[in-house]
Amino acid sequence: MQSSSSYSRRDFLKSSALVGGGLFLGFDLFASGKFNAGVASAALEGSFDFNAYLSINSDGTATIFSPNPEVGQGIKTSFPMTVAEELDFDWTKVKVVQAPLDTVKFERQVAGGSYSTPHSWLRLRQAGATARRMLIETAAKRWGVDAGTCTTDKGLVLHPSGKQATYGELAADAALLTPPKDVPLKDRKDFKIIGTFVKGVDNQDILTGKPIFGMDFYREGMLFAMIQHPPAFGLKLKSVDGSAAKAMPGIVDVVSFKNNVAVVGKSTWEVMKAREALHVEYEKEAELESSADHDRIFKELMTSGEAQVKRKDGDTAAAFATANKIVEAEYQCPFLSHAPMEPMNFFADVRPDKVELIGPVQTPQSARDQVAKLLDIPAEKISLEMMRIGGGFGRRLRPDYAVETAELSSIIKAPVKVMWTREDDMTGGIYRPAARYRFRAALDKAGNITAYELRGVGINAGNPVRENNFPAGAIPNVLIESVDHKSPITTGPWRAPITNFLAGAEQSFLDEVAEAAGKDPVTMRLDLFRQAKAPLNAEGKPTYDTERFIKTIELAAEKSGWFKKRKKGVSLGFSVYYSHLSYVAQVAEVVKRRGKFTLQKVYCAVDCGIVVNLSGALNQVIGSVVDGLGHAMYGQLTFKDGETQQKNFNTYRLIRMNEIPEVEVHFVDNGIDPTGLGEPALPPLSGAVANAFYKAMGKRLRDQPFVREGDNTMENVL
Amino acid sequence: MATYTLNINGRSYNADVAPDTPLLWVLRDHLGLVGAKYGCGIAACGACTIHLDGEATRSCVLPVSAVGNMRVTTIEGLSEKGDHPLQRAWDEVDVPQCGYCQSGQIMSAAALLQRNPKPNDREIEQALSGNLCRCGTYHRIRDAVKLAAQKS
Ligand code: FES
Ligand code: FES
């Protein structure tokens, strides 16, 4: 049995600091008192709060509050499953309610970094287990028996004498007990809910068109608004003539603030049309960069740029000087839009005494705090309700659209919903940064890698390298450098920041190295991991686990038949990466038929520890494969004079149903505490695909997107 | 502005809007039917798909003045209790990730099944390739269409 007490508050602190996404504020699992008015006020009469996550209702149901934003990662299902498991409750009698932002009751109400699951795993279980214990104790007292002789099953407390009581009958008394400490948690073999295929709790609402997304939010009397931002990066607002727009039907006001021009009206379409009647002038405030400039900047900084040395082990120069063979290659990726299907939107009602914010955001606390600061209103006066999010991919970690909505509401003194069009979203910034990498490897006579160099150049990428990741620790001489170009084009985290491209590039480069060394790419990696000693992080812990890497690689090799004889015309490509605490190995299979090449299948081996919701886990892995593939093949945002040349899905190509390979997923079964899956299956994918296409066609795919106008590399790919 | 009488999900609705207002915004802003979603506004993503006399149609580019007497069906009216074979299959397969594109996907699939009750993979892909899913749920969408076709 595992005891929950081993996970101390200090550990929480340390781990939140590690990820950087979650601010640590006061958190009390057992805080009493009612929730703020809002979504959670749905709690019923006859409902008894056991802790921040859980109320048990006298009608035999339980209400489980899900504190984190639901962005499609499935947290609104998997979190309550975890509570219900330890509560030993009937899943069909669980009602899940999205909790509003509440920094007293919850910590880290964030959807990002694939970190919600590892962060909350034990505390969710503790919430369920503690309530279960309180129910047992109540029943035992009523029956005058020893609590140790009672058991539970699906919401019932049972005693060998035949006595039984439902949790609903016990709830009123049980909720009054002082929550016991250090309640033992279930043994993994006793799990009944965790690890099973559980359907999304919002399915019925999604499938019948209920108003659950931010975009669907409506309140009587609210106004509709759109905000025009500068059309190019490097421009600022000079003058606005909104008179024609203001005279259009249904328009209430045209206001400008900062670089924004807002058109406010009574319906979406009227606002959209009036926007076209705006006369706005912009002036240059910074360089108006084009993609051609970026190309030049990459070239310059790759050779002459002032690089920051991020890691230096041994002496690479000496190793290269005595190398038997040198392998060198450059890889490059473009800017990408996050392009969630639901564009940015938010609702705000700013009044002198209170502020109401409602909408889709991955970082509700940051949204609230930014609004508090901007409007100089104490955070306690601001409520924030989270609507289901129609996709984020990192875009909604930045609450700029929520903050500007609040600012607009404070100016027009009215409740307002701001909606971005797709064009606003695609031209509005905060992109995946473009980056270029140069890899070099030195080989000795036996084909061992004696030195490894990586220089990453990013455009607003911050640090474009991940210096503590493999292959650091596996190669004696390592030099990792980074250079960043500051650009007016705004960037931000995009699903698996930096590694979303770096991982695939590195794994392709290792394929080049294996070829040059005359080694099998999987065998070469296994050999590297067998002798690797992972670098230590700030807390003195290894940055990766070589054993888990090896097991994951072996599983992928086994399932894909890597070491078996292949059918004629079948080519395999391998890739493996560790990110966001999970390990994923992938094998891509390209098949040649009548001179054409098709990516037929992708095998995935995944070590994310215990799988919480099998359905959600599969969805995340398969979705990441599709996402990674689509962007590697087709995704790119190019610039002309600071303006994106793609503004909507007619020119910004997303992957479609007829372009997906079969995907087969296998999980490593090791019983380790679960880690997240929102990101880890994406980074390695493009490497596996590039390596398989290379095997099949003899062409290295180093620049994304692989399918580009004016480039015929992929002309025979179906 | 003009008043339009629309036949939606077997009921009659009135909307007082400009003639060029896309049906999508009439549904969403004026009639409170928000199942059809906005994703692109240029008929490039399929999120706003509804049926017009049974045909899958992008409501974001369909002016309300062009609807006339044609029957409009939205996800809200696809079945009375949310139990259309496709809705049931979508739930059973657990298709949605974020869920935003799914009503459009289902409406495209429903139009397909009406004209072709037993589509093969190629036909499903053809009918649904105009519906984008940013979360990448395409495998399960295909499985759910097949499951619904099998059961109905
Ligand atoms: S919103 Fe109509 S097709 Fe995209
Ligand atoms: S489920 Fe998110 S866009 Fe399709």
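Residues numbered from 1 in each chain as written. Chains lettered and ligands numbered in written order. Predicted model: local features only at pLDDT ≥ 70, side-chain atom pairs only at ≥ 80, totals over all residues. Heavy atoms only, no water.

**Student:** So, the overall build of chain A: which residues are in play, and what are the values?
**Tutor:** The helix and strand tally for chain A stands at 17 helices and 29 strands. Considered along the principal axes of its C-alpha atoms, chain A spans approximately 80 × 70 × 50 Å. Here the analysis covers contacts within chain A between residues at least 6 apart in sequence; of these, 76% occur between residues at least 24 apart. In the structure as shown, chain A presents an accessible area of about 27200 Å², 50% of it carried by carbon and sulfur atoms. Taking the average place of the 87 positive charges on the side chains of chain A and the average place of its 86 negative ones, the gap between the two points comes to 4 Å. (Helix = DSSP H or I, 4+ residues; strand = E, 2+ residues; numbered from the N terminus. Contact = heavy atoms within 4.5 Å. Areas by Shrake-Rupley, 256 points an atom, 1.4 Å probe, with all protein chains shown as cover. Lys, Arg positive; Asp, Glu negative; His and termini not counted. Charge placed at Lys NZ, Arg CZ, Asp CG, Glu CD.)

**Student:** Help me get a handle on the confidence of the model for chain A, residues and values and all.
**Tutor:** In this model, chain A carries an average pLDDT of 92, and 94% of its residues clear a pLDDT of 70 or more. Here residues 1–43 of chain A is a poorly scored stretch, pLDDT under 50, and it has 89 contacts once near neighbours within four places are set aside; other chains count. (pLDDT = per-residue confidence, 0-100.)

**Student:** Residue-level account of the sheet that holds strand β7 (residues 156–158) of chain A, with values.
**Tutor:** Residues and elements named next belong to chain A. Strand order in this open sheet of three strands is β6-β7-β8, and the pairing throughout is antiparallel. The open sheet is flanked by β6 (151–153) and β8 (164–166), the only strands paired with a single partner. This sheet shows a mean twist of 25 degrees between the axes of neighbouring strands, independent of strand direction. Relative to β7, β6 runs antiparallel, the two sharing three bridges. Within β7, the position partnered with Asp153 by the bridge is Leu156. The strands that helix α3 (residues 116–143) touches are β6, β7 and β8; relative to β7, the one it contacts most, it runs at about 50 degrees. Seen against the sheet, helix α4 (residues 167–174) touches β6, β7 and β8 and runs at an angle of roughly 75 degrees to β8. (Pairing = 2+ DSSP bridges. Axes fitted to C-alpha atoms, helices over the stretch in contact; angles between N-to-C directions.)

**Student:** With reference to specific residues and values, describe the domain arrangement of chain A.
**Tutor:** Many authors give the size of an interface as the accessible area that is lost as the parts come together. Residues and elements named next belong to chain A. In terms of domain boundaries, chain A breaks down into domain 1 (4–196), domain 2 (214–285 + 344–419) and domain 3 (307–322 + 431–697). On a C-alpha basis, the centres of domain 1 and domain 3 stand 37 Å from each other. Taken together, the contact between domain 1 and domain 3 spans 21 residues of the former and 21 residues of the latter. For the pair domain 1 and domain 3, the summed buried area comes to about 1500 Å², and 57% of that belongs to carbon and sulfur atoms. Three residues stand out in domain 1 for area buried against domain 3, namely Ser114, Trp121 and Arg188, and they jointly supply 35% of the buried area on that side. In this structure, Arg188 engages Asp669 in a salt bridge whose closest nitrogen and oxygen atoms are separated by 2.4 Å. The tally of links between domain 1 and domain 3 comes to seven residue pairs in polar contact (both at pLDDT 80 or more). Elements represented by at least two residues in the side of domain 1 that touches domain 3 include exactly α1 (9–19), α2 (75–87) and α3. (Domains from an automatic or database assignment. Buried area = accessible area lost by both parts, 1.4 Å probe. Salt bridge = Lys/Arg side-chain N within 4 Å of Asp/Glu carboxyl O. Polar contact = N/O pair within 3.5 Å; in protein donor to acceptor, adjacent residues only side chain to side chain.)

**Student:** Outline the interface of chain B and chain A, listing residues and values.
**Tutor:** Listed as interface residues are 51 residues of chain B and, on the opposing side, 62 residues of chain A. Each partner contributes to the roughly 4500 Å² buried at the junction of chain B and chain A, and carbon and sulfur atoms together form 59% of this total. On the surface where chain B and chain A come into contact, there are five salt bridges. Salt-bridge contacts for Arg134 of chain B lead to Asp627 of chain A; the nearest nitrogen and oxygen are separated by 3.1 Å. Linking chain B with chain A are 27 residue pairs in polar contact (both at pLDDT 80 or more), by the criterion used here. Looking at the side of chain B that touches chain A, the elements with two or more residues in it are α1 (23–30), α2 (85–93), α3 (102–115), α4 (121–128) and α5 (138–151) of chain B.

**Student:** Help me get a handle on the environment of Ile449 of chain A, residues and values and all.
**Tutor:** Residue and element names in this part refer to chain A. By the secondary structure assignment, Ile449 is in strand β22 (residues 449–459). Using a relative accessible area of 10% as the deciding quantity, one classes Ile449 as buried. On a C-alpha basis, the gap between Ile449 and Lys325 in space is 9.5 Å, while along the polypeptide they are 124 residues apart. Beyond its immediate stretch of four places on either side in the chain, Ile449 contacts Ala441, Ala442, Leu443, Ile475, Pro476, Val513, Met524 and Leu528. (Buried < 20%, exposed > 50% of the residue type's maximum accessible area, 1.4 Å probe, protein only.)

**Student:** Outline the packing of helix α10 (residues 364–375) of chain A against helix α11 (residues 400–412) of chain A, listing residues and values.
**Tutor:** All names here are of chain A. One can describe the packing of α10 onto α11 by two numbers: an axis separation of 9 Å at closest approach and a directional angle of 35 degrees. For the crossing formed where α10 meets α11, the hand is right-handed. Across the interface between the two elements, Ala367, Gln370, Val371, Leu374 and Leu375 of α10 pack against Ala402, Val403, Ala406, Glu407 and Ser410 of α11. (Left-handed = near helix turned anticlockwise from the far one by under 90°.)

**Student:** Break down α3 of chain A for me, citing the residues and quoting the values.
**Tutor:** All names here are of chain A. Between its first and last C-alpha atoms α3 spans 40 Å; for 28 residues at 1.5 Å apiece the expected length is 40 Å, and the two agree. Within α3, the axis deviates most sharply at Leu122, by approximately 30 degrees. Counting buried residues along α3, 22 of its 28 residues qualify, which places the element largely inside the surrounding structure. (Expected span 1.5 Å × (residues − 1). Bend = angle between axes of the 7 residues up to and from the residue.)

**Student:** Any details on the domain arrangement of chain B? Residues and values, ideally.
**Tutor:** Residue and element names in this part refer to chain B. Per the domain assignment, the segments making up chain B are domain 1 (2–77) and domain 2 (85–151). Once you take the C-alpha centre of each, domain 1 and domain 2 turn out to be 21 Å apart. At the junction of the two partners, domain 1 supplies 17 residues and domain 2 supplies 13 residues. Buried surface at the junction of domain 1 and domain 2, summed over both partners, amounts to about 1200 Å²; 55% is from carbon and sulfur atoms. Across the contact surface, domain 1 and domain 2 share six residue pairs in polar contact (both at pLDDT 80 or more). Of all the elements in the fold, those that place two or more residues in the side of domain 1 that touches domain 2 are β3 (49–52) and β4 (55–58). Residue contributions to the side of domain 1 that touches domain 2 peak at three residues, all from β3. Grouping the amino acids of the side of domain 1 that touches domain 2 by side-chain chemistry returns eight nonpolar, seven polar and two charged. (Nonpolar A, V, L, I, M, F, W, Y, C, P; charged D, E, K, R; others polar.)

**Student:** Describe the packing of aromatic side chains, listing the residues and the values that go with them.
**Tutor:** All names here are of chain A. For the structure shown, the criterion picks out 29 aromatic pairs over all chains. Where Phe233 meets Tyr431, the ring centres are 5.8 Å apart and the plane angle is 80 degrees; that geometry is what we call edge-to-face. Taken together, the positions of Phe233 in the loop between β10 (223–228) and β11 (235–241) and Tyr431 in the loop between α12 (422–427) and β21 (435–443) put the pair 198 residues apart, joining distant regions of the chain. Side by side, Phe233 and Tyr431 carry an identical accessibility label, which is buried. For the pair Phe439 and Phe509, a centre-to-centre distance of 5.1 Å together with 20 degrees between the ring planes defines the contact as stacked. (Phe/Tyr/Trp six-rings, centres within 6.5 Å; stacked < 30°, edge-to-face > 60°.)

**Student:** Give a description of the sheet that holds strand β4 (residues 62–66) of chain A that names residues and reports values.
**Tutor:** Residues and elements named next belong to chain A. With respect to topology, four strands assemble into an open sheet ordered β2-β3-β4-β5, the strand pairing being mixed. Edge positions in the sheet fall to β2 (47–51) and β5 (94–98), since each has one partner strand and no second. Each adjacent strand pair in this sheet contributes to an overall mean axis angle of 25 degrees, direction not counted. Judged from the five bridges that link them, β4 and β5 form a sheet pairing that is parallel. Across the sheet, Thr63 pairs through a bridge with Lys95, a residue of β5.

**Student:** Got a sec to walk through the environment of Val513 of chain A? Specific residues and values, please.
**Tutor:** Residue and element names in this part refer to chain A. Locating Val513 in the fold gives a position in helix α13 (residues 499–517). Remark: the alpha-carbon pair of Val513 and Phe706, spanning 193 residues in sequence, is separated by 21 Å. Setting aside anything within four residues of it in sequence, one finds Val513 in contact with Val327, Ala441, Leu443, Ile449 and Met524.

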